[in-house]
Structure formats: C-alpha cells, structure tokens
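Topology and contacts: notes
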Amino acid sequence: MLGVFIKPVSGVAGEIRVPGDKSISHRAALLGGMAHGETHISNFLLGQDCLSTLRCLKQLGVAWERQGAEVWIKGEGMEAWQEPFDVLDAGNSGTTSRLMLGVLAGSPFAVTFTGDESLRSRPMRRVVDPLKQMGAQILGRQGGNLFPLTMSGGQLQGQTFRTAVASAQVKSAIILAGLRASGETRVEEPVLSRDHTERMLRGFGVEVLSHKTTVKVNGGGCLSGQDVSVPGDISSAAFFLVLGSLVGHGELILPNVGVNPTRTGILDVLKAMGADIELLDVVEICGEPRATLRVRAARLKGIEIGGDMIPRLIDEIPILAVAASLAEGETVIRDAAELRVKETDRIRTVAEGLTALGAKVEELPDGLRIQGQPTLRGGQASSLGDHRLAMAWAIAGMLSEEGIGVEDMGAADVSYPEFLTVIEKVAR
Ligand code: S3P
C-alpha cells in the first residue's frame, strides 16, 4: 500500500472548527495590502495558497506580521506597491495569481508571475484579455494564456465586460483593476459567482453596486484598513458533512462555518439528497454570514444538478461525487465543464479515481454520471497534487469496506493542513 492508509470507521463524534475560508483569507490579505492603515485579520487560513498571497505581497513591498492565524497588514495604499526584485511564485493558487494580476494591472511597473506545474497549465486568458482591454500589457506562453506571464501595468480605462464563465476570480480581477481605472467598470456574469470581493470591498469603504449578476465600481476608490474575522471554510466543512451523513452512526458539530448564499450549494444539494444537516445560530460578521452546522447520519439518494447551482458548489464536486457513489440511485452532474480547469481536470480525475475504488462513474463532457451502491470497496488512490482530491479520497477511505491508501495526501496542505489529525480525532 502506498501513501497514507485511511482505515474504515463505523462512526464519528465531536466538534470540528474548520480552518478559515480560503477565498476570504486571500481577499483580506490583498485588500489589507491595498488599503491605507492597519488591517487585522483573525482566523486567517494557514494553507499553502493563502501563504502564497502573503509571500507575494511581501515581494511587492507590503509589510505584514503574522502570529499563528492572526495577521496584521501595514497598508500604505496601492500606490506604495513596488516593482518586485524577482518572479512572483503563486504556487498552486489560482486566486493569488488572478486577483493579483487585477490589482497590479494599474501599477506602473513590470511583474512576472509563475506557479507550480498545475498552475502553469491553467487558463489565464480569461483575466489577461479583459486586463489588456483596460490597458495593461501582458505577454506569456500561448499568446498570454499560460504562466509564466509578464505584465506591465499602467493607465487603465474602465470598461463593460460580459464574461463567458461564472468565475469569481475573473470578476474580482476586473473589479480590482476597475478601482484603479478611469470611469466605470462593469462585469456581467452568466450566473452569479461567489461575491466575497464585493462584500469585503464595501467593508473597506468602497462603493460597489451589485444587481443580480452585474457588478459596478468606479475608479479612484480608496480603501481603509479594517478588522476582518474570517469564517470557517464551507468547502472544508463539506468533507465532514459527507462523512457525518454516510458513516454508520454519530453526530458532528461544525461551529463558525461561512454560509454566504453564493457558497451554500453543498448544503442545499446534500439536504435534497436526504442529509440531516441543521444550521444553528446564524450571525453576520464583517459582511459574511456564518453558522454552526450539525450533521447526523442519514440515508442519501441520488440527485440531478446543473445550471445556477454549479458555481455555488463548484469546489465541493469531488466530495459530492463520493457521496453520490454511496447514495441510492443515480446522480447526474451537468454544466460543470469548469471542473476541467481546476487544480486537476476534476471530471477525469474524480471519475478515474472513484472507478478504481469500485464505484460506478461515467465521465460526461461537462460533468459526471454516478450509480450509487450500498458499499465502496476501497483500494489505492492518488491526490495527483490536488488538495480536494486528497481529502475526498480520505473520506472515501473512512466510508469504504477495505480502506484506501492515499498517495500524496500532503496536497491537503493547500487548504487544510490539519485535516489528517482532525479525521483521526473524530473517528469512532
Ligand atoms: C475562487 C473562485 C473559484 C473557486 C476557487 C476560489 C475565489 O474559482 O473554484 O477555489 O476565491 O475566487 P473560479 O473563479 O475559477 O470559478
């Protein structure tokens, strides 16, 4: 057996404080660096992706200090950012690189971005084209589609964009560039993507107008440093919602999980499948709602999902596929072609990985068709360097008959470094 062996469990119990939300941690660091005055962030995610954002900020001359999950950023405004001495390495992080390209499009100097093998294969044209139209100069492999990319920023002109895909990274890059452009910048999405950037910008004192799937900002907005309390990441909680639902017995309590409606598709879909999940004590802090989630064992049935639901649970599809493989009947996931350009091609890697573990999965051009079975055999799986696959296979191992050896389980460090310790703690 290769990698970390995850053995089957019959029950779970306990309370899990999932780490800070990845999307919100990135934005808190970035907006803190763009603001004037000190920003204090609590419950910052110490995953590799968010550490990449902090590292790149330091290279751009933004001063910060960190103690555990608390970060203090000494913002001196975007004008104070300096040309970096070296290439900016965003590691595995699409959010670091795409959002920073947006901010830096208005800076009068050159930056070169690169990343790991996965990030160097992911499409950047979706942010490069709009930023070029606004006035930035960008050169890179495949006509500016692939990292490494070099951008020389400067005077930007506000524009209106209709994006082809619902992507919060693209929307955010354009809005952040729009803050430094002349006139108005408007983004219209086909379906609403996560709106953390809009919410947080308002918290930092910038006017952002949102109506349905359209967002508007005016250039020249000034951000002032804030206190940001990051909620727990619902994308990390999702692994325990599936484990708690499908394990033989027990209950898990997940306090302080972010429940922004643009992220709660996983709750809606698991509940529609028959899951016993309750939201307790919903409160809004720093513009982001959060709640305690309670999950108990239940019988799940298959479901069909697609359309507007997909952006609300795009990152949860690997673990949802594990749930579907143990639900009664068929699950069909459509309209999710975006999965092909995530950290791995998650349509192919999920279909192949789950099939090797004994599940019945068919790859569709834009999704998956999964025939649920009463049990999952188990065996051998690899994360292929994708954090969400690592954790999905670990949960599958706990729910399997024979357990699963997960190769490169360390990939989970990208968004949930304590994951293995936590699953050991709650297993009964
Ligand atoms: C994110 C947006 C989503 C998501 C990613 C984080 C963000 O990507 O999959 O994990 O923080 O804006 P896309 O914008 O490519 O859909």
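Residues numbered from 1 in each chain as written. Predicted model: local features only at pLDDT ≥ 70, side-chain atom pairs only at ≥ 80, totals over all residues. Heavy atoms only, no water.

This part is about the pattern of salt bridges. Enumeration over the complete set of coordinates arrives at 25 salt bridges. Between Arg348 and Glu352 there is a salt bridge, and its shortest N-O distance comes to 3.7 Å. Taken together, the positions of Arg348 and Glu352, both in helix α11 (residues 346-356) and 4 residues apart, correspond to about one turn of that helix. Taking relative accessible area as the criterion, Arg348 reaches 35% and is therefore assigned partly exposed. In this structure Glu352 comes out as partly exposed when scored by relative accessible area, which is 47%. One network of salt bridges, in which partners are shared, links Arg340, Asp345, Arg348, Glu352 and Glu363. (Salt bridge = Lys/Arg side-chain N within 4 Å of Asp/Glu carboxyl O. Helix = DSSP H or I, 4+ residues; strand = E, 2+ residues; numbered from the N terminus. Buried < 20%, exposed > 50% of the residue type's maximum accessible area, 1.4 Å probe, protein only.)

For the rest of this paragraph, the subject is the packing of aromatic side chains. For the coordinates displayed, the defined rule picks out 5 aromatic pairs. Judged by centre distance (5.8 Å) and plane angle (35°), the ring pair of Phe240 and Phe419 falls under tilted. Placement of the pair is Phe240 in helix α8 (residues 234-246) and Phe419 in helix α13 (residues 419-426), with a sequence separation of 179 residues. Phe419 matches Phe240 in its accessibility class, with the two residues each being buried. When the ring of Tyr416 is compared with that of Phe419, the centres are 5.5 Å apart and the planes differ by 70°; the resulting orientation is edge-to-face. Since its relative accessible area comes to 1%, Tyr416 is described here as buried. Taking the ring centre of Trp64 as reference, the NZ or CZ of Lys58 above it sits at 3.8 Å. (Phe/Tyr/Trp six-rings, centres within 6.5 Å; stacked < 30°, edge-to-face > 60°. Lys NZ or Arg CZ within 6 Å of the ring centre and 35° of its normal.)

A common way to state how big an interface is: give the accessible area lost once the parts meet. Under the domain assignment, the protein chain is made up of domain 1 (4-20 + 232-426) and domain 2 (22-229). Contact with domain 1, which involves 30 residues of that partner, is made by 27 residues of domain 2. Around 2,300 Å² of area is buried between domain 1 and domain 2 when both sides are counted, 48% of it from carbon and sulfur atoms. Joining domain 1 to domain 2, the criterion identifies 3 salt bridges. Where Arg194 meets Asp315, a salt bridge forms, and the shortest distance between an N and an O atom there is 3.2 Å. (Domains from an automatic or database assignment. Contact = heavy atoms within 4.5 Å. Buried area = accessible area lost by both parts, 1.4 Å probe.)

Checked against the element boundaries, Glu288 lands in strand β19 (residues 288-296). For the pair Glu288 and Pro231, spaced 57 residues apart in sequence, the C-alpha to C-alpha distance is 7.6 Å. Sequence-distant contacts of Glu288, defined by excluding residues within four places in its chain, comprise Ile24, His196, Arg199, Pro231, Asn260 and Val283. Within polar-contact distance, the side chain of Glu288 engages the side chain of His196 at 2.8 Å. Separated by 3.0 Å, the side chains of Glu288 and Asn260 make a polar contact. (Polar contact = N/O pair within 3.5 Å; in protein donor to acceptor, adjacent residues only side chain to side chain.)

Along the chain, Ser245 falls in helix α8. Ignoring any residue separated from it by four or fewer positions in sequence, one finds Ser245 in contact with Ala275, Val295, Arg296, Ala297, Ala298 and Leu300.

Another aspect to go through is the pairing of strand β25 (residues 404-407). Pairing of strand β1 (residues 4-6) with β25 involves 3 bridges; the strand directions are antiparallel. By the bridge assignment for β25, Val4 is matched with Val406. Strand direction decides the pairing type here: strand β24 (residues 379-382) and β25, joined by 4 bridges, are parallel. For Ala381, the partnering residue across the bridge sits in β25 and is Val406. Of the crossover connections in this fold, the one passing from β24 over helix α12 (residues 387-399) to the parallel β25 is right-handed. (Pairing = 2+ DSSP bridges. Right-handed = clockwise from strand over helix to strand, strands pointing away.)

This brings us to the environment of Arg162. Its location among the elements puts Arg162 in strand β11 (residues 160-162). Residues Arg162 and Thr344, 182 residues apart in the sequence, show an inter-C-alpha distance of 26 Å. Here the side chain of Arg162 touches Glu188 through a polar contact of 3.1 Å, side chain to side chain.

On to the layout of surface pockets, then. Of the pockets and cavities examined, the largest pocket occupies roughly 590 Å³. Taken together, 34 residues make up the lining of the largest pocket; nearest its centre are Ala166, Ser167, Ile314, Glu338 and Lys342. Broken down by secondary-structure element, the contributors of at least two residues to the lining of the largest pocket are α1 (22-34), α3 (94-104) and α6 (168-178). Element by element, the count of residues in the lining of the largest pocket is highest for α1, at 4 residues. Looking at the lining of the largest pocket residue by residue, the classes come out as 12 nonpolar, 9 polar and 13 charged. (1 Å grid on protein atoms, 1.4 Å probe; cavity = no way out; pocket = protein on both sides within 12 Å on 5 of 7 lines; lining within 4 Å. Points joined across faces, edges and corners; volume = space filled by probe spheres on them. Nonpolar A, V, L, I, M, F, W, Y, C, P; charged D, E, K, R; others polar.)

The next point concerns the packing of helix α10 (residues 317-325) against α11. At a minimum axis distance of 10 Å, the contact between α10 and α11 shows a crossing angle of 35°. Note on packing geometry: the crossing formed by α10 with α11 is right-handed. Contact with α10, carried on its side by Pro318, Ala321, Val322 and Ser325, involves Arg346, Val350 and Leu354 of α11 and no other residues of that element. (Axes fitted to C-alpha atoms, helices over the stretch in contact; angles between N-to-C directions. Left-handed = near helix turned anticlockwise from the far one by under 90°.)

In the neighbourhood of the ligand, 13 residues make up the surrounding shell, with Ser23, Arg27, Ser167, Asp315 and Lys342 lying closest. Residue Thr95 places a side-chain N or O atom 3.5 Å away from an oxygen atom belonging to the ligand. Protein burial of the ligand: of its 380 Å² of free accessible surface, 94% is covered by the chains. In a pocket analysis with a 2 Å cut-off to the grid points, the ligand is assigned to the largest pocket. Of all the secondary structure elements, the ones that give two or more residues to the shell around the ligand are α1, α3 and α6. At 3 residues, the largest contribution of residues to the shell around the ligand is made by α1. Looking at the shell around the ligand, its residues break down into 3 nonpolar, 4 polar and 6 charged. (Near = heavy atom within 4 Å. Areas by Shrake-Rupley, 256 points an atom, 1.4 Å probe, with all protein chains shown as cover. Sits in = over half its atoms within 2 Å of the grid points.)

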